[in-house]
Amino acid sequence: MHWAAEDEKVDVFLHAGDLVQGVNMYRGWLHETFLVGADEQRDYAIEHYPKTGVPTKIIGGNHDQSFKKADGFNILAAVARERPDIEYVGDSGASLKINGIAFYLWHPSGGLAYAKSYRLQKQAAGFSGGAKPDILLTGHWHVYAKVLERNVYGFLASCFQSQTPYELEKGLAPQIGGLVLEIWPAPEGRGIARMRETHVPFFVPNAHDY
């Protein structure tokens, strides 16, 4: 199947974290990462993150933040300095307003619940009324799911990383793909009038693409 984001006339990309693999993420990590150092991973991201002419807004996930926690190096800020199409908007979570629609990008921690929707529902239920977004986009778990809770559309974002040896050992299977949201804002900034969602899965991953 051929698919490209350009085909969808995308206005903005929203990235829920983990642009890079990070450092010292788990036992045996060193032998499962083809670029180890911060400089190498930064340069690879700068060179290989798609150049489409469309801006990307990104938050730091736990892998991205591992460099900052190890030695204070903010790798996403470093990437963004060299890529004007990439805007680093914070770590773990960030609120955004795009064309009158309120988004919350979230990169949580911990394992996924048996019911994939559980953490989405719990997060949506925890927003105060004034801070409640229209759309909650969630990274970290490399699987796809969606809920509608308190009028918040919640999505677990798929990933673009094939199954790592660590995931294979843990019995975790990533769901690879992208999510396209076409949104019609309600009048006078009242949220979403209508939305069309397209999930684009890739069932045949590139071998060793991690």
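Everything here concerns the structure above.
This structure is a prediction, so every number in the text was calculated from the model and none was measured.

*Asks:* Could you clarify how one ought to interpret helix H3 (residues 75-82) in this entry?
*Replies:* Two residues of an α-helix separated by three or four positions point the same way, owing to the 3.6 residues in each turn. Judged by how many residues are buried, H3 sits mostly within the fold: six of eight residues are covered. Packing partners of the buried residues in H3 comprise helix H1 (38-48), strand S2 (56-60), helix H2 (62-71) and strand S3 (86-91). Sitting at the amino-terminal end of H3 is Asn74, which places a side-chain oxygen 3.3 Å from the backbone nitrogen of Leu76.

*Asks:* Which parts of the structure should I look at to understand the nonpolar core?
*Replies:* General note: in soluble globular proteins, nonpolar side chains tend to be found buried as a group. Residues Val20, Phe67, Ile75, Val79 and Ile86 are the most contacted members of the largest nonpolar core, which totals 15 residues. Among the elements of the structure, H1 and H3 are those that each provide at least two residues to this core. A total of four residues in this core trace back to one element, the largest contributor, which is H3. With near-sequence residues (within four places) excluded, Ile86 lies in contact with Tyr49, Thr56, Ile58, Val79 and Ala80.

*Asks:* Would you mind going over unusual backbone geometry with me for this structure?
*Replies:* Most peptide bonds take the trans form, and the phi angle of most residues other than glycine is negative. The phi torsion at His140 lies on the positive side, around 90°, for a residue other than glycine. Its place among the elements puts His140 in the loop between strand S6 (135-138) and strand S7 (145-149). Residue His142 is not a glycine yet carries a positive backbone phi of 60°. Within the secondary structure, His142 is located in the loop between S6 and S7.

*Asks:* What am I meant to see in the pattern of salt bridges here?
*Replies:* Here the idea is simple: oppositely charged side chains can pair when their charged atoms come close. Tallying each qualifying case throughout the model produces eight salt bridges. Between Lys68 and Asp91 there is a salt bridge, with the nearest N and O atoms lying 2.3 Å from each other. Remark: Asp91 occurs in strand S3 and Lys68 occurs in helix H2; sequence separation between them is 23 residues. Between Lys146 and Glu197 there is a salt bridge, and its shortest N-O distance comes to 3.0 Å. One end of the pair, Lys146, is in strand S7; the other, Glu197, is in strand S10 (residues 192-201), with 51 residues separating them in the sequence. Looking at Glu197, the relative accessible area reads 26%, which means it is partly exposed. Look at the salt bridges and you will find they share partners, linking Asp39, Arg42 and Asp43 into a network.

*Asks:* Before we go on, may I ask you to explain the packing of H1 against H3 in this structure?
*Replies:* Two elements in contact, H1 and H3, have axes separated by 9 Å at closest approach and are oriented at 40°. Relative to H3, the element H1 is oriented oblique. Here H1 and H3 pass one another in a crossing that is right-handed. Contact residues: H1 offers Ala38, Gln41, Arg42, Ala45 and Ile46, while H3 offers Ile75, Ala78, Val79 and Glu82. Its residues placed into classes, the contact of H1 with H3 shows six nonpolar, one polar and two charged.

Calculation notes
Residues numbered from 1 in each chain as written. Predicted model: local features only at pLDDT ≥ 70, side-chain atom pairs only at ≥ 80, totals over all residues. Heavy atoms only, no water. Buried < 20%, exposed > 50% of the residue type's maximum accessible area, 1.4 Å probe, protein only. Helix = DSSP H or I, 4+ residues; strand = E, 2+ residues; numbered from the N terminus. Contact = heavy atoms within 4.5 Å. Polar contact = N/O pair within 3.5 Å; in protein donor to acceptor, adjacent residues only side chain to side chain. Core = buried A, V, L, I, M, F, W, Y, C linked by side-chain atoms within 4.5 Å. Salt bridge = Lys/Arg side-chain N within 4 Å of Asp/Glu carboxyl O. Axes fitted to C-alpha atoms, helices over the stretch in contact; angles between N-to-C directions. Parallel < 35°, antiparallel > 145°, perpendicular 65-115°, else oblique. Left-handed = near helix turned anticlockwise from the far one by under 90°. Nonpolar A, V, L, I, M, F, W, Y, C, P; charged D, E, K, R; others polar.

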